[in-house]
Amino acid sequence: MSVKISKEKHEMPKQPADTRIKNFEEVALGYTPELAMAEAARCIQCPKKPCVAGCPVGIDIPEFIKLVAKGDFLGAAKKIKEKNSLPAMCGRVCPQESQCEAVCTLGKRGEPVAIGALERFCADYERIHGEPLAEMKTSDSSSGMVAVVGSGPAGLSCASELAKLGYRVVLFESLHATGGVLRYGIPEFRLPKSIVDKEVEYIKSQGVEIRLNVLVGTTVTVDELFEQGFDAVFLGTGAGLPYFLGIPGENLNGVYSANEFLTRANLMKAYLFPEYDTPIWVGKRVAVIGGGNVAMDSARTALRLGADEVTVVYRRSRTEMPARLEEIENAEEEGIKLMLLRNPVRILEDGEGWVKGMECIKMELGKPDDSGRRRPIPIPDSEFILDVDTVISAVGTNPNPLLIRTISGLALGRRGNVIADEQTGKTNIPGIFAGGDIVTGSATVIAAMGAGKLAAHGIDEYIRRKNGRGM
Amino acid sequence: MYRILEKEVLAPKIKLIKVDAPEICAGARPGQFVVFRIHEKGERIPLTIADSDPKSGLLTLVFQEVGKSTTELGMLNKGDTIQDMVGPLGTPRDIEKLDYVICVGGGVGVAPIYPEAKAYYRLGTRVVSLIGAQTKEMLIFKNRMEQVSDEIYFSTDDGSFGHKGFITEVLDDLLEKGPHPDEVIAIGPLLMMREASKVTAKYGVKTVVSLNTIMVDGTGMCGSCRVTVDSEVKFSCVEGPAFDGHKVDFDELIARQNRFLAEERLAMDRYLAGAGGCKCQ
Ligand SMILES: Cc1cc2nc3c(=O)[nH]c(=O)nc-3n(C[C@H](O)[C@H](O)[C@H](O)COP(=O)(O)OP(=O)(O)OC[C@H]3O[C@@H](n4cnc5c(N)ncnc54)[C@H](O)[C@@H]3O)c2cc1C
Ligand code: SF4
Ligand code: FES
């Protein structure tokens, strides 16, 4: 007997657009158990598992989906956690449409299985119904001691994996809170901070010691860490250095880097000003420059902070936008305008140091460039002025040089990124490993997590070998 | 948590605290700063390190109560704690022996100039200090500065102590008379640093200023602290806070300092309305 499989996936319930633009609560509400089971039943359990190959960390997707279909949600969560220790986050922020869901067999004739939504459901179910966290483990330094620098997804997963392998791990973070971009960049309405807290609690329960407010390279140097007895150091310091376009007017009042805007809103909770002390100013008409997740997050945050009109200005066309599809759709539903094939050339001043408008130029797409995307070319004499009073620049970030420039001899790439082996995280300096955005430049949460985990095994091998020889 | 172990009121609304922060003290060098956050709801605020003693682990900070956060910091007493503090941040000043330097400190800016004057003085550099304040009462670090200066001049806006007028006028006189120093270091309000840089430019004397821009992280992550120096955008928290005074676009910076003026006023009014009994002296 063959069951007819619906071509469409089951949509995740969401807060209605006109309600959610007035709050910072999570937009997507997640599947109910019934919806999850119904969606899981769409999976046809392909023997070749193309989706698994599409997953950067190789989760056994059909296996966990089979468990969901049977109603064994805790079993499914366990299955996912064999490969991915941060599923509640990945289910929410992975670009599934270009990973697992892109290659799902069902996608050929209809919509792919909603793998991301199912992953998220399992992780959330487990968070509420699963076993409480185990007793605090006291860390044990007999196998060795590792310093992990940076508490973004790369650092968190590296620390967690090393703790599992029996190492004493100290995680250093320069900010006053853990999570890296998960905390300061991605807004509450897309990734509730309670989920980040929960993951950090879990890592602490594994015996990892967390030291906040330590800027490695300055407060303590890497050499000093080795002197203190650490056997290895993992660099997971991310790509936090924002760059600007270099157009006139970028230092006017009312121009923010996306990092500043989002850090004020998320890390410092400026959306709760004046209850929280950090201020944020948003005008009536906001332009956000860029087409990635950072641009979408900034635009949607600006809207929630009270802007009347928010326009995303992107120099290529919609197909080239690097943001997650779901977030582009959400943004449009919320009333954010996409102004495609337009590029800013200068920001205009009101005479008192504030933004009064932004001059843009129209673009067309030429031949593909290095990135494989068609290169945008300005159309001569097509300038026009966008009437805005706030500009948020989300045009990219570079690896943070603060720490790495203090490590003499560390091999760096062209853009100041650390060069590290993909499989082991090894750098050219013995005992120093690296992974995540500091190596790849801005990439994804799952890639950073995967790199952190691989590096943990690289470190394990390094320390074993070092101790073996020493004995 | 960072505990306040000593507190001194230097002048009305200007306070000194010594905080137990051995890790920060260990590596702190002149010209560097810390970023602190008083409590969970606090903002991140930079303060230049006025002194650090690696032996006792005590970090000296001097601040003027200008907004909500500094006023709140001023309410804290010996034994109270500050939730977060990170540092030392910023590029330290490379201090080498020179023949002669002039240190110009205005208002609360005298405190951050002290470690620089001290470092030069100890190296055997001739240090002439020019200290300006609104009134005699507002003059701080007089004794400390005297100990690390070969010569010292004062000015007050109202003439209650030393020269009546701006300290940059004293600077102008000194430079006019000559001889010229190898370097002038000016730290204080933006208007004073702009004026000092204008004066020294006339005589072609190298000038270093220390900028107190609006910061969030203090580690190069947000660009809130950006300033134009020699037509290039610099992140003051990483590449500064010290810059060549002749190359800083002060007008832009002064405008940028007003970015959150309305919000700051609101926070302050709200705080004063709700602060209850005043614990300050
Ligand atoms: C706004 C925004 C939205 C995004 N949305 C998505 C999304 O939807 N999906 C997705 O997959 N990816 C997304 N990304 C990208 C993703 O977040 C990053 O690729 C990922 O976080 C990189 O992880 P990481 O651990 O390498 O670095 P980070 O997350 O950047 O963490 C680095 C940490 O190191 C700390 N640090 C830096 N230097 C030091 C030092 N010297 N000493 C101590 N600590 C230090 C930093 O403070 C930070 O906490 C987004 C990024 C941004 C900015
Ligand atoms: S490709 Fe799609 S349908 Fe096939 S096993 Fe994976 S999730 Fe199921
Ligand atoms: S304060 Fe954020 S970059 Fe300088």
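Counting of residues starts from 1 at the beginning of each chain's written sequence and follows it residue by residue. In the order they appear in the text, chains get letters beginning with A and ligands get numbers beginning with 1. Since the coordinates come from a predicted model, pLDDT governs what is reported: local features require at least 70, and pairs of side-chain atoms require 80 or more to be given and counted, while whole-chain, interface and lining totals use all residues. The basis for the side-chain values is all heavy atoms of the structure; hydrogens and waters are excluded.

Draft legend 1. Summary view of the pairing of strand β14 (residues 390-393) of chain A. Residue and element names in this part refer to chain A. Burial along β14 is two-sided: the face carrying Thr390 and Ile392 and the face carrying Val391 and Ser393 are both buried. We treat two strands as partners when DSSP finds at least two bridges between them. The way it works is that DSSP assigns letters per residue, a run of H or I at least four long becomes a helix, a run of E at least two long becomes a strand, and they are numbered from the N terminus. The pairing of strand β6 (residues 255-257) with β14 spans 3 bridges and is parallel. Among the inter-strand pairings, Ser257 is bridged to a residue of β14, identified as Ser393. As paired strands, strand β7 (residues 285-289) and β14 are joined by 4 bridges and run parallel to one another. Relative accessibility thresholds used throughout: buried, under 20% of the residue-type maximum; exposed, over 50%; partly exposed, between the two (1.4 Å probe, protein chains only).

Draft legend 2. Summary view of the nonpolar core. Buried Ala, Val, Leu, Ile, Met, Phe, Trp, Tyr and Cys residues that are joined via side-chain atoms within 4.5 Å together make up what is termed a nonpolar core. Counting 68 residues, the largest nonpolar core has Ile61 and Phe64 of chain A as the members making the most contacts within it. In terms of residue count, the dominant contributor to this core is helix α17 (residues 445-470) of chain A (8 residues). In contact with Ile61 of chain A, other than residues within four places in its own chain, are Cys51, Val52, Cys55, Cys100 and Ile115 of chain A. Membership of the second largest hydrophobic core comes to 28 residues, among which are Met296, Ile328 and Leu338 of chain A together with Phe260 of chain B. Pairs of residues are marked as contacts when any of their non-hydrogen atoms sit within 4.5 Å.

Draft legend 3. The arrangement of the interface of chain A and chain B in detail. Counting from both sides, the interface comprises 38 residues of chain A and, opposite them, 45 residues of chain B. Overall, the association of chain A and chain B removes approximately 3600 Å² of surface from exposure, summing both partners, and the carbon and sulfur fraction of that is 55%. The largest contributions to the chain A side of the interface with chain B come from Asn213, Asn251 and Asp277 of chain A, which together make up 20% of the buried area. For salt bridges, the criterion is a side-chain nitrogen of Lys or Arg within 4 Å of an Asp or Glu carboxyl oxygen. Here chain A and chain B share 3 salt bridges between them. Lys41 of chain B is the salt-bridge partner of Glu275 of chain A, the closest N and O atoms lying 2.7 Å from each other. For the side of chain A that touches chain B, the secondary structure elements donating two or more residues are β5 (241-242), β6 and α12 (258-267) of chain A. Note: buried area is the sum, over both parts, of the accessible area (probe 1.4 Å) each one loses when the two are combined.

Draft legend 4. Representation of the pattern of salt bridges within the structure. Residue and element names in this part refer to chain A. Taken as a whole and assessed by the stated rule, the structure comprises 53 salt bridges over all chains. Among the ionic pairs, Arg318 bridges to Glu332, the shortest N-O distance being 2.8 Å. On the criterion of sequence distance, the pair formed by Arg318 in the loop between β8 (309-314) and α14 (325-333) and Glu332 in helix α14 is long-range, its members being 14 residues apart. Among the ionic contacts, a cluster of salt bridges with common partners joins Lys14, Arg20, Arg190, Asp297, Arg300, Arg304, Arg324, Glu326, Glu327, Glu333 and Glu334.

Draft legend 5. Spotlight on the sheet that holds strand β2 (residues 168-172) of chain A. All names here are of chain A. Strand order in the open sheet formed by 5 strands is β3-β2-β1-β4-β16, and the pairing between neighbours is parallel. Where the open sheet ends on each side, the last strands, each with one partner, are β3 (209-211) and β16 (432-434). Between one strand and the next, the sheet's axes are offset by a mean angle of 20°, whatever the strand orientation. The sheet contact formed by strand β1 (residues 145-149) and β2 spans 5 bridges and is parallel. Paired with Val149 across the bridge in β2 is Phe172. Angles shown run from 0 to 180 degrees and are taken between the N-to-C directions of axes, each axis being a line fitted to C-alpha atoms and, for helices, limited to the stretch in contact.

Draft legend 6. Summary view of the site of ligand 2. Note on terminology: near, applied to a residue and a molecule or strand, indicates that one of the residue's heavy atoms is within 4 Å of it. Lining the immediate environment of ligand 2, one finds Cys43, Ile44, Cys46, Pro50, Cys51, Pro62, Cys104, Thr105, Val113 and Ile115 of chain A. Broken down by class, the residue content of the shell around ligand 2 amounts to 9 nonpolar, 1 polar and no charged. Following the grouping adopted for this structure description, the nonpolar residues are Ala, Val, Leu, Ile, Met, Phe, Trp, Tyr, Cys and Pro, the charged ones are Asp, Glu, Lys and Arg, and the polar ones are all others, Gly among them.

Draft legend 7. Structural view of the side chain of Ser382 of chain A. Residue and element names in this part refer to chain A. Tracing the sequence through the fold places Ser382 in the loop between β12 (374-378) and β13 (384-386). By relative accessible area, Ser382 is classed as buried at 11%. Within the local environment of Ser382, its side chain forms a polar contact with the backbone oxygen of Ile379, the two atoms lying 2.7 Å apart. Polar contacts here mean pairs of N or O atoms no more than 3.5 Å apart (in protein, one a potential hydrogen donor and the other a potential acceptor; neighbouring residues in sequence count only if both atoms are side-chain atoms).

Draft legend 8. A look at the environment of Ala147 of chain A. Residue and element names in this part refer to chain A. Inspection of the secondary structure assignment puts Ala147 in strand β1. As a C-alpha pair, Ala147 and Phe230 span 83 residues in sequence and 6.3 Å in three-dimensional space. For Ala147, the contacting residues outside a window of four places in its chain are Val170, Phe172, Leu225, Phe230, Ala232, Val233 and Phe234.

Draft legend 9. Quick look at the packing of helix α5 (residues 167-177) of chain B against helix α6 (residues 190-203) of chain B. Residues and elements named next belong to chain B. Interaxial distance between α5 and α6 falls to 9 Å at its minimum, and their mutual angle equals 15°. On the basis of their axis angle, the class for α5 and α6 is roughly parallel. Every pair of crossing elements has a handedness; the one defined by α5 and α6 is right-handed. For the pair α5 and α6, contact is made by Ile167, Thr168, Leu171, Asp172, Leu175 and Glu176 and by Met192, Glu195, Ala196, Val199, Thr200, Lys202 and Tyr203, respectively. Under this scheme an angle from 65 to 115 degrees is roughly perpendicular, one under 35 degrees roughly parallel, and one over 145 degrees roughly antiparallel; angles in between are oblique. We call a crossing left-handed when the near helix sits turned anticlockwise from the far one by less than a right angle, and right-handed when that turn is clockwise.

Draft legend 10. Highlighting the packing of aromatic side chains. When the centres of two rings from Phe, Tyr and Trp lie within 6.5 Å, Trp using its six-membered ring, the rings pair. Their planes under 30 degrees apart give stacked, over 60 give edge-to-face, and anything left gives tilted. Following the criterion strictly, the structure yields 12 aromatic pairs over all chains and no others. Among the aromatic residues, those joined into a cluster by ring pairs are Phe24, Phe189 and Tyr271 of chain A. Taking the ring centre of Phe189 of chain A as reference, the NZ or CZ of Arg304 of chain A above it sits at 3.9 Å. Remark: a charge is flagged as sitting over a ring if the NZ atom of Lys or the CZ atom of Arg is within 6 Å of the ring centre and within 35 degrees of the ring normal. It is Arg144 of chain B that lies over the ring of Phe141 of chain B; its NZ or CZ is 4.4 Å from the centre.

Geometric values such as these leave the question of function open.
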